[in-house]
Amino acid sequence: MKVTRALGAAGSAMAIAMLAAGTAYATETNHWTMAYGNATVVADNYWWAQDVTITGQHYLPSGANKCRRLYATAFDAAGRVMRNADYSPIAASTSWQCSAGVRDVSLKIDTSVAGGPYAVQIEWQEKDSADTTYWTEIDAVRCMRDTYQCTRLTF
């Protein structure tokens, strides 16, 4: 308080601007990788005040003959899936990748809850073709906000 008064109105405005700018940075990141055959996903989680963003790359080799996507779900501290007002899970997914190549991954899970999700689980899903309705989980990681560690899940 004494510093703010000594700086006056201009100093207060600058201090507020600096605080606002400080919240624009992620508090921490996790780096994780999944591999299935010759296919890979390499990504980072960026933890923010109320959400987590996931960015990276998804590589699908030629001859895979499958479609794959990433599906990320938010979890609370009790290990429960976080839900929207309509009770749907707070989640995000990439589109299905059915052809060989490298695709950018860019997901945002916004919980609109102070502190954001406690954990995020990223599932790598696979289906036979773009027209197939059913898919299976081929790999998954769960990343924790408090330790910034990711653990591979087994099915």
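The notes below deal with the structure included here. Because the structure is a prediction, the values reported are computed rather than measured.

Some points on the sheet that holds strand β3 (residues 51-60)
Within a sheet, each strand pairs with its neighbour through backbone hydrogen bonds, oriented either parallel or antiparallel.
Turning to step 1, where the next piece is worked out: Pairing within the open sheet is antiparallel, and its four strands lie in the order β1-β2-β3-β6. Strands at the two margins of the open sheet, each flanked by one partner only, are β1 (28-36) and β6 (101-110). Taken pair by pair, the neighbouring strands of this sheet meet at an average axis angle of 15 degrees, ignoring direction.
Turning to step 2, where the next piece is worked out: By the bridge criterion, nine bridges tie β1 to strand β2 (residues 39-47) in an arrangement that is antiparallel. Of the residues in β2, the one forming a bridge with Y36 is A39.

A short note on the pattern of salt bridges
Turning to step 1, where the next piece is worked out: All chains considered together, the criterion is met by five salt bridges.
Turning to step 2, where the next piece is worked out: The closest approach of N and O atoms between K66 and D128, which form a salt bridge, is 2.7 Å. Linking K66 in the loop between β3 and β4 (67-75) with D128 in the loop between β7 (119-127) and β8 (136-144), this pair joins segments that are 62 residues apart in sequence.
Turning to step 3, where the next piece is worked out: Between R80 and D76 there is a salt bridge whose closest N-O contact spans 3.0 Å.
Turning to step 4, where the next piece is worked out: Assessed through its relative accessible area of 52%, R80 is described here as exposed.

Each value, and the rule that gives it
- Residues numbered from 1 in each chain as written.
- Predicted model: local features only at pLDDT ≥ 70, side-chain atom pairs only at ≥ 80, totals over all residues.
- Heavy atoms only, no water.
- Pairing = 2+ DSSP bridges.
- Helix = DSSP H or I, 4+ residues; strand = E, 2+ residues; numbered from the N terminus.
- Axes fitted to C-alpha atoms, helices over the stretch in contact; angles between N-to-C directions.
- Salt bridge = Lys/Arg side-chain N within 4 Å of Asp/Glu carboxyl O.
- Buried < 20%, exposed > 50% of the residue type's maximum accessible area, 1.4 Å probe, protein only.

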